[in-house]
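Structure assessment
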Amino acid sequence: MKRRDFIKTGIGTGAILLTTRKSARADVKKEFLGVLVDTTRCIGCRSCEEACATAHGLPVPDIYDESVFEKERRTSETQWTVVNRYNTEKGTVYVKRQCMHCNQPACASACLVKAMFKTKEGPVIWRGSKCMGCRFCMISCPFDIPKFEYNSPNPKIQKCIMCWERIEKGEIPACVEACPAEALLFGKRRELLEEAKRRIYNEPEKYYHQIYGELDVGGTGWLYLSAVPFEQIGFRTDLGITPYPEFTKGFLYAVPVIFILWPSILLGLNHLTKREEEIKMGGRR
Amino acid sequence: MNGRISSLINEGLRLVKFIISELKPKGKIITPFNLITGIILIISAVLLVIRFAKGLGAVTNLSQDFPWGLWIGFDVITGVAFAGGAYVLTFVVYILNNEKYHPIIRATVLNGFLAYVFYAGALLLDLGRPWNVINPIIGNSFGVSSVLFLVAWHFMLYMIAEFIEFSPAVAEWLGLKRVRKILSTLTLGAVIFGITLSTLHQAGLGALFLMAKNKLHPLWYSEFIPILFFVSSIFSGLSMVIFEGSISHKVFSHDLSEEKHNEILMGLGKGCVGAMFAYLFLKILVFIHGNGWRYINSGMGYLYLVEVLGFVLVPMIMYLFAVRNRNITLIKITSFLTILGIILNRLNVTIIAFKWDAPHRYYPSWMEVMITLGVISAELWVFRWIVNRMPVMRESPEWVYEEEEKERKFIKFVRR
């Protein structure tokens, strides 16, 4: 073996070793999963509502009842997902709503027992054995998603969990599976963003040039494409792009500071004032 | 050795007999106060059975839009603000070594302690799954990123700190000389720990709403809520001490003379002026910083003006006048006005300005109000029971002074 070849092979093997190590590392660090909702494709059949209710033992809605579209509905303790109808400048649009599965969820950071929990895979789940029912998650969630069973002595928090139990088994969420119009696409969030951008790029006339959830509240697992501005289809566009847990960070960082400063200052003040007392009284008070 | 054990047993028997004899009510049983609070307590007890059997929806008007109502907004968040007097006064008496306020320190600490036990304890009634309340304590699941985690722990630790601060009075009541001596050495540590905890959880109650950014009206939402809550807890606590003190000074036999008591109230009023001035200054800063003018010409804007001008600026000026003219009646009236202002502020943040634009507003049900009154009644009963038995407003028993005198002589002797 020539010296040059030796070096070549050496570098080559090294490169392979390095790359395998790198890809192994990428495997360990899981990417968040999510769902891309293309509201231009949704036909308002509400199959997703039915599939969701069936999968989670909730009361199954009558999906042929058109009257539900008369007013805007919100998710409830018996409906983890709802489809709403909007009349917009580009005609009728149907929008499926459920938990957004934020990258940095306000509910999970609000929870003092980690009952609301962001899994490594991305779904935000609720763990009943930990929850004490304080409902601080409901105060904190910018989308008002967690719902509480007020009429039960053993109340649960009800919300979409992105079919966590199915994902663990390697299946896809029930609503995505049930969608006949391919309006829902399940996958890694990064890839979904690429797909969403590709659709906008290919049909720039058709889409409003924004992906809801890409940046909103620091990014969400569920991403939305629309033909019209998002205010017209029931989305809040004033939530900003700061992840909600950031709002409490300043206060929480102040806690250890106060815990160090206050006792030392107080003790100092106590000694300072006591000495005068001592002089006056000729001893301890 | 045997003698020691038998004397311990004798002492134990004496304590048990003494406590049993003290459990009996003193004074008349049928009084208007007892009748009214008794009826409230019975109704509350029945309502609580319904609440735990059927769920929160059976007695409260809470909804998916308003998960927190009167029990959190008033009982817990306002009640704890009122209990602020304890940490402010322990600061003055034990840290600044100001003896002037020493005569009212025990009543104030007792009030603070009971406020936490009952009002912060009311949190348990509001929990949907109260059997899991031990989870954040036993450590199987610490949500350390949660403001509520901090608040919950601080409530618990502060109750312990306040109990230690009050415990010498319990020992004096039971006649335990040695125990009293040990407990009173713990006071300074408990006070320092207690003030630190209070600073953080008074602020923390405000910090609970930091993530309600898109729900709270912009005139009330600000990143400074924690600081505003902390500063307002100072004059809120002091005003409560004035208000409550001027009532219990009349109701219970107090060893303190009327003049000295008035002198103390006057000083507390002065303290309120300072804290209220700082608070107003911060409020104006936040208002200008948040460009509050945009919202002022609306219903919520007027409410904001009523709260800040009517219930902070006006009482501050009234306190100032009262202190300058030495008008004790005005001090008492102003303390009541300030208390109303604190109720208004805390309810604004937690309920009224929270989702102010929601189509269906939250109003407490009569049952929520009744249970709140029940919690207050229970607290008053326990307060009365303790004040009538332990040296809270009365002087400590003679032996306490003898012991202290002995100790003082001993220290002088050692120093020489």
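Residues numbered from 1 in each chain as written. Chains lettered and ligands numbered in written order. Predicted model: local features only at pLDDT ≥ 70, side-chain atom pairs only at ≥ 80, totals over all residues. Heavy atoms only, no water.

The helix and strand tally for chain B stands at 17 helices and 0 strands. The principal-axis extents of the C-alpha atoms in chain B amount to approximately 75 × 55 × 45 Å. Out of the 416 residues in chain B, the part that is buried amounts to 55%. When contacts within chain B are restricted to residue pairs at least 6 apart in sequence, those whose partners lie at least 24 apart make up 80%. Accessible area for chain B stands at about 18900 Å²; split by element, carbon and sulfur atoms hold 71% of it. The distance from the centre of the 37 positive side-chain charges to the centre of the 26 negative ones in chain B is 2 Å. (Helix = DSSP H or I, 4+ residues; strand = E, 2+ residues; numbered from the N terminus. Buried < 20%, exposed > 50% of the residue type's maximum accessible area, 1.4 Å probe, protein only. Contact = heavy atoms within 4.5 Å. Areas by Shrake-Rupley, 256 points an atom, 1.4 Å probe, with all protein chains shown as cover. Lys, Arg positive; Asp, Glu negative; His and termini not counted. Charge placed at Lys NZ, Arg CZ, Asp CG, Glu CD.)

It is worth spelling out the overall build of chain A at this point. Within chain A, the regular secondary structure consists of 8 helices and 9 strands. Counting across all 285 residues of chain A, residues that qualify as buried make up 51%. Across chain A, every contact between residues at least 6 apart in sequence was considered, and the portion connecting residues at least 24 apart equals 58%. Per element, the accessible surface of chain A, about 14800 Å² overall, is 57% carbon and sulfur.

Compared with an ideal rise of 1.5 Å per residue, which puts 13 residues at 18 Å, helix α3 (residues 70–82) of chain B spans 16 Å between its outermost C-alpha atoms and falls more than 12% short. Counting buried positions over the 13 residues of α3(B) gives 13, a clear majority of the element. (Expected span 1.5 Å × (residues − 1).)

The next thing to look at is the confidence of the model for chain A. Residues and elements named next belong to chain A. Per-residue pLDDT for chain A averages 89, and the proportion of residues at 70 or more is 86%. Strand β9 (residues 222–225) holds the highest mean pLDDT among the elements of chain A, 98, whereas helix α1 (residues 3–28) holds the lowest, 46. Every residue in residues 9–28 is under pLDDT 50, and counting partners more than four places away or in other chains gives 1 contact. (pLDDT = per-residue confidence, 0-100.)

In this section: the packing of helix α8 (residues 147–174) of chain B against helix α9 (residues 177–185) of chain B. All names here are of chain B. Relative orientation of the contacting elements α8 and α9 amounts to 175 degrees, with a least axis distance of 8 Å. Overall, the two elements α8 and α9 adopt an arrangement that is roughly antiparallel. Contacts between α8 and α9 involve S167, P168, A171 and E172 from the first element and V179, R180, L183 and S184 from the second. Grouping the amino acids of the contact of α8 with α9 by side-chain chemistry returns 4 nonpolar, 2 polar and 2 charged. (Axes fitted to C-alpha atoms, helices over the stretch in contact; angles between N-to-C directions. Parallel < 35°, antiparallel > 145°, perpendicular 65-115°, else oblique. Nonpolar A, V, L, I, M, F, W, Y, C, P; charged D, E, K, R; others polar.)

Residue-level contacts link 61 residues of chain A with 70 residues of chain B. Summed over both sides, the interface between chain A and chain B buries roughly 5600 Å², with carbon and sulfur atoms accounting for 60% of that surface. At the surface where chain A touches chain B, the tally comes to 4 salt bridges. Close ionic contact of R135(A) with D126(B) constitutes a salt bridge, the shortest N to O distance being 2.6 Å. Our count for the contact surface shared by chain A and chain B stands at 37 residue pairs in polar contact (both at pLDDT 80 or more). Only α3 (106–110), α4 (136–140), β6 (147–148) and α8 (246–281) of chain A provide two or more residues apiece to the side of chain A that touches chain B. Broken down by element, the residue count for the side of chain A that touches chain B peaks at 17 residues, all from α8(A). Broken down by class, the residue content of the side of chain A that touches chain B amounts to 34 nonpolar, 13 polar and 14 charged. (Buried area = accessible area lost by both parts, 1.4 Å probe. Salt bridge = Lys/Arg side-chain N within 4 Å of Asp/Glu carboxyl O. Polar contact = N/O pair within 3.5 Å; in protein donor to acceptor, adjacent residues only side chain to side chain.)

Attention shifts here to the side chain of T88(A). Residues and elements named next belong to chain A. Looking at the element boundaries, T88 is found in strand β2 (residues 82–88). Judged by relative accessible area, which is 13%, T88 ranks as buried. Within the local environment of T88, its side chain forms a polar contact with the backbone oxygen of G91, the two atoms lying 2.7 Å apart. Once residues lying within four places of it in the same chain are set aside, the contact partners of T88 are V93, V228, Q232 and I233.

Across soluble globular proteins, nonpolar side chains have a tendency to be buried as a group. Membership of the largest hydrophobic core comes to 194 residues, with the highest contact counts inside it found for F209(B) and L268(B). Per element, the largest residue contribution to this core is 13 residues, and it comes from α8(B). Ignoring anything within four residues of it in the chain, the contact list for F209(B) reads W68(B), I77(B), L216(B), Y221(B), I225(B), V349(B), T350(B) and F354(B). Counting 9 residues, the second-largest nonpolar core is a separate cluster that includes L193(A), I200(A), Y207(A) and I211(A). (Core = buried A, V, L, I, M, F, W, Y, C linked by side-chain atoms within 4.5 Å.)

Time to look at the pattern of salt bridges. Residue and element names in this part refer to chain A. Counting across every chain of the model gives 28 salt bridges over all chains. Measuring nitrogen to oxygen at the nearest pair gives 2.6 Å for the salt bridge that ties R73 to E49. Of this pair, R73 sits in the loop between α2 (47–55) and β2 while E49 sits in helix α2, placing them 24 residues apart in sequence. Its relative accessible area of 14% is what places R73 among the buried residues. Accessibility expressed as a relative area gives 3% for E49, which makes it buried. As a salt-bridge pair, E195 and R198 come within 3.0 Å of each other at their nearest N and O atoms. Linking E195 with R198, this pair stays in helix α7 (residues 189–202), spanning 3 residues, or about one helical turn. Looking at R198, the relative accessible area reads 42%, which means it is partly exposed. Linked by salt bridges that have partners in common, D38, R41, E195, R198 and R199 make up one network.

Residue and element names in this part refer to chain A. Burial analysis of strand β3 (residues 91–97) places 5 of its 7 residues in the buried class, which makes it a mostly covered element. Summarising the sheet, β2 and β3 pair through 7 bridges and their orientation is antiparallel. Note on β3: the bridge partner recorded for V82 is R97. (Pairing = 2+ DSSP bridges.)

Trans peptide bonds make up most of the peptide bonds, and negative phi angles are found at most residues other than glycine. With a phi angle near 55 degrees, M162(A) is a residue other than glycine that sits in the positive phi range. Take M162(A): it is sitting in the loop between β7 (157–158) and α5 (164–168). For M162(A), a relative accessible area of 1% puts it in the buried group. Although it is not a glycine, R326(B) sits at a positive phi angle of roughly 50 degrees. Structurally, R326(B) can be placed in the loop between α14 (299–324) and α15 (328–352). For R326(B), a relative accessible area of 49% translates into the label partly exposed.

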